[in-house]
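# Survey of secondary and tertiary structure
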Amino acid sequence: KTQENLTIMDVGGASTEFIIVKPGGEIKSSFSAPFGSVRATNWLEEGIWEQRFAAVKKRFENEFQKINTETLHCVAGTMTSLANMRLKNKEFVEAEVHGHVLSKEDIRDMLEEYKDFFPERFLEEFPFLGKRARAIKGGLFLVNAISEIVNVKKFKVSTYGLRYGTLIEGRIKNDHLFK
């Protein structure tokens, strides 16, 4: 069986990076889409989420079509926070979050459960969020929308950042980043 490419997603505040890595670690392709959890939250608050997301989706249509995977490997704060929330932890528990898998349905269920929350309510339920409480709802909307456009089935979460697994010569050591 041929090993499939590893697709990594890093949801930031203003942008989301996607990196496709070949077996063995060579970066096959990457792109940065101009939406992140803070930007998505702003769009939600301004009532322009659907229009703005649709515009970015159209602009990056070719790049999104290249993401052909059932599993997105996810790093960074938005995804680690969502995993910790799904685990119903009040404090951040790295040992439970690292390697945790969120299904597309988990994300959809969380969106339904938290869509009407305000930052104060997020902080009350999940004190570990801290200042991220303001942007986590936008992150959740964003991850749900991404799951639809790239049709992934699950999100495997790593508490390691991209820099942890990136080597100077442009390779990713995928044996360390997600195990």
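Structure: see above.
Model, not experiment: these values are computed from the prediction.

Taken as a whole and assessed by the stated rule, the structure comprises 15 aromatic pairs. An angle of 85 degrees between the planes, with centres 5.4 Å apart, marks the rings of phenylalanine 31 and phenylalanine 64 as edge-to-face. Of this pair, phenylalanine 31 sits in strand β3 (residues 27-33) while phenylalanine 64 sits in helix α3 (residues 61-65), and the two are 33 residues apart along the sequence. Phenylalanine 64 sits in the buried class, given a relative accessible area of 5%. Their ring planes at 55 degrees and their centres at 5.1 Å tell us that phenylalanine 117 and phenylalanine 122 sit as a pair that is tilted.

Moving on, we get to the sheet that holds strand β4 (residues 71-75). Read across the open sheet, the six strands follow the order β3-β2-β1-β4-β6-β5; overall the sheet is mixed. Strand pairing shows two members of the sheet lacking a second neighbour, β3 and β5 (101-103), which therefore form its edges. This sheet shows a mean twist of 25 degrees between the axes of neighbouring strands, independent of strand direction. Relative to β3, strand β2 (residues 16-21) runs antiparallel, the two being bridged by six bridges.

Turning our attention to the nonpolar core. Formed by 45 residues in total, the largest nonpolar core has its most connected members in Met9, Met85 and Phe155. Element by element, the count of residues in this core is highest for helix α8 (residues 136-149), at seven residues. Not counting the four nearest positions on each side in its chain, methionine 9 is found in contact with Thr16, Glu17, Phe18, Leu72, His73, Cys74, Val75, Met79, Val143, Ile146 and Phe155. Membership of the second largest hydrophobic core comes to five residues, among which are Leu6, Ile8, Ile19 and Val75.

Attention now goes to helix α4 (residues 77-86). In terms of residue burial, α4 counts as a mostly covered element, since nine of its 10 residues are buried. All buried positions along α4 are accounted for by Gly77, Thr78, Met79, Thr80, Ser81, Leu82, Ala83, Asn84 and Met85. Directly after α4, the chain includes lysine 88, whose backbone phi takes a positive value near 65 degrees.

Glancing now at the side chain of threonine 71. Within the secondary structure layout, threonine 71 lies in strand β4. Given the relative accessible area of 14%, threonine 71 is considered buried. For threonine 71, the contacting residues outside a window of four places in its chain are Thr7, Lys154 and Lys156.

Now for the pairing of strand β6 (residues 154-157). Alternating residues of β6 divide into Phe155 and Val157, all buried, and Lys154 and Lys156, none buried. Of the pairings in the sheet, the one linking β4 to β6 comprises four bridges and is parallel in character. By the bridge assignment for β6, leucine 72 is matched with phenylalanine 155. Bridging between β5 and β6 involves three bridges; their strand directions are antiparallel. Bridged to leucine 102 within β6 is phenylalanine 155.

With that settled, consider the pattern of salt bridges. Counting across every chain of the model gives eight salt bridges. A salt bridge links glutamate 45 to arginine 134; its shortest N-O distance comes to 3.0 Å. Of this pair, glutamate 45 sits in helix α1 (residues 37-46) while arginine 134 sits in the loop between α7 (119-125) and α8, placing them 89 residues apart in sequence. Classification of arginine 134 as partly exposed rests on a relative accessible area of 33%. Between glutamate 125 and arginine 121 there is a salt bridge, and its shortest N-O distance comes to 3.6 Å. One end of the pair is glutamate 125 and the other is arginine 121, both in helix α7 and four residues apart, which spans about a single turn.

Thresholds, definitions, all that
Residues numbered from 1 in each chain as written. Predicted model: local features only at pLDDT ≥ 70, side-chain atom pairs only at ≥ 80, totals over all residues. Heavy atoms only, no water. Phe/Tyr/Trp six-rings, centres within 6.5 Å; stacked < 30°, edge-to-face > 60°. Helix = DSSP H or I, 4+ residues; strand = E, 2+ residues; numbered from the N terminus. Buried < 20%, exposed > 50% of the residue type's maximum accessible area, 1.4 Å probe, protein only. Pairing = 2+ DSSP bridges. Axes fitted to C-alpha atoms, helices over the stretch in contact; angles between N-to-C directions. Core = buried A, V, L, I, M, F, W, Y, C linked by side-chain atoms within 4.5 Å. Contact = heavy atoms within 4.5 Å. Salt bridge = Lys/Arg side-chain N within 4 Å of Asp/Glu carboxyl O.

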